[in-house]
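Listed below are the residues making up each chain.
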Amino acid sequence: MIWPSIALLTFVTLQRLAELVLARRNTAALLARGGREVASEHYAMMVALHATWIMGLWLLAPGRPVQPFWFLVFMGLQALRLWVLGTLKDRWTTRIIVLPGAPLVISGPYRFLRHPNYAIVIGEFASLPLAFGLPVFAVVFSLFNAAILHVRVKAENAALESAMILK
């Protein structure tokens, strides 16, 4: 049956598009409140990686059976993603925006991890391809994602430290 894989891919694609709309709105609002974007050099590569990941899944996954275990892992990550979005509210964005004077968020999942959203993305990059029985795809994109996240987390931590939000 082809429809379960198509339904899952459609869900993920629409989710990511909705997140881009939300991120654009939140970014504009943060910048209007005096926020400043930092370390934007890697952003295009990050967007390209995510777009390629989704396009690759659309090429390889339709018609493949969905593995229940990995599907449940992926859906659990979506619940955690909602927790992150609900915690950050209008401060969530796909860019690194420093809002002067704003305190560091330490509630919700941020009580446990400094960068829970990145941990979720790591899980998604592995679990969704594995849900379609694509382990090589999962490994390859996880490695590319790790490289970009290395740059991203380093830049974000430096931005937070320079804003004296982190001690």
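Treat the numbers as computed from the prediction; the structure is a model and nothing was measured.

Draft legend 1. Molecular detail of the overall build of the protein chain. Scanning the protein chain from N- to C-terminus turns up 5 helices and 2 strands. Written out in order from the N terminus, the α and β elements of the protein chain read α-β-α-α-β-α-α. When the backbone C-alpha atoms are referred to their principal axes, the protein chain occupies close to 55 × 25 × 25 Å. Here the protein chain holds 167 residues, and the buried ones make up 43% of them. Of the roughly 9200 Å² that the protein chain leaves accessible, carbon and sulfur atoms contribute 73%. Between the centroid of the 15 positive side chains of the protein chain and the centroid of its 7 negative side chains there is a distance of 3 Å.

Draft legend 2. Helix H3 (residues 68–88), seen in detail. For H3, with 21 residues, the first-to-last C-alpha span of 30 Å sits near the 30 Å given by 1.5 Å per residue. Those residues of H3 that fall on the buried side of the exposure criterion are Phe74, Leu77, Gln78, Arg81, Val84, Leu85, Thr87 and Leu88. Considering only its buried residues, H3 is in contact with helix H1 (3–32) and helix H4 (116–131). At the exit of H3 stands Lys89, carrying a positive phi of roughly 50°.

Draft legend 3. Spatial organisation of the side chain of Ser5. Considering the arrangement of structural elements, one finds Ser5 in helix H1. Once residues within four sequence positions are removed from consideration, Ser5 is found in contact with Ala61, Pro62, Gly63, Arg64, Val66 and Phe132.

Draft legend 4. Quick look at unusual backbone geometry. With a phi close to 50°, Ala39 is a non-glycine residue in the positive phi region. Secondary-structure assignment places Ala39 in the loop between strand E1 (36–37) and helix H2 (43–60).

Draft legend 5. View of the pattern of salt bridges. Going through the model one piece at a time under the given rule, you end up with 5 salt bridges. For Glu124, the salt bridge goes to Arg16, with nearest N and O atoms at 2.6 Å. Within this pair, whereas Glu124 is found in helix H4, its partner Arg16 is found in helix H1, the two being separated by 108 residues in sequence. Note on Arg16: relative accessible area 10%, which makes it buried. Across the salt bridge formed by Arg81 and Glu124, the nearest N and O atoms sit 2.4 Å from each other. Of this pair, Arg81 sits in helix H3 while Glu124 is found in helix H4, placing the two residues 43 residues apart along the sequence.

Draft legend 6. Inspection of the nonpolar core at higher detail. In terms of nonpolar packing, the biggest core is built from 19 residues, with Val12, Trp53, Leu57, Leu128 and Phe132 touching the most fellow members. Breaking this core down by element, the ones donating at least two residues are H1, H2, H4 and helix H5 (135–162). Per-element tally for this core: the top contributor is H2, with 6 residues. Excluding residues that lie within four positions of it along the chain, Trp53 makes contacts with Val12, Arg16, Glu124, Phe125, Leu128, Pro129, Phe137 and Phe141.

Draft legend 7. Examining the environment of Leu20 more closely. Looking at the element boundaries, Leu20 is found in helix H1. We classify Leu20 as partly exposed; its relative accessible area is 42%. Sequence-wise, Leu20 and Thr93 are 73 residues apart; in three dimensions their C-alpha atoms are separated by 8.2 Å.

Draft legend 8. Molecular detail of the packing of aromatic side chains. Across all of its chains, the model carries 5 aromatic pairs by this definition. With 6.5 Å between their ring centres and 70° between their planes, Phe141 and Phe144 make a pair best called edge-to-face. Of this pair, Phe141 and Phe144 both sit in helix H5, 3 residues apart, roughly one helical turn. One aromatic cluster is present, formed by Phe137, Phe141 and Phe144 through successive ring pairs. Here the guanidinium or amino end of Arg95 rests over the ring plane of Tyr43, the centre of that ring lying 3.8 Å away.

The rules we used
- Residues numbered from 1 in each chain as written.
- Predicted model: local features only at pLDDT ≥ 70, side-chain atom pairs only at ≥ 80, totals over all residues.
- Heavy atoms only, no water.
- Helix = DSSP H or I, 4+ residues; strand = E, 2+ residues; numbered from the N terminus.
- Buried < 20%, exposed > 50% of the residue type's maximum accessible area, 1.4 Å probe, protein only.
- Areas by Shrake-Rupley, 256 points an atom, 1.4 Å probe, with all protein chains shown as cover.
- Lys, Arg positive; Asp, Glu negative; His and termini not counted.
- Charge placed at Lys NZ, Arg CZ, Asp CG, Glu CD.
- Expected span 1.5 Å × (residues − 1).
- Contact = heavy atoms within 4.5 Å.
- Salt bridge = Lys/Arg side-chain N within 4 Å of Asp/Glu carboxyl O.
- Core = buried A, V, L, I, M, F, W, Y, C linked by side-chain atoms within 4.5 Å.
- Phe/Tyr/Trp six-rings, centres within 6.5 Å; stacked < 30°, edge-to-face > 60°.
- Lys NZ or Arg CZ within 6 Å of the ring centre and 35° of its normal.

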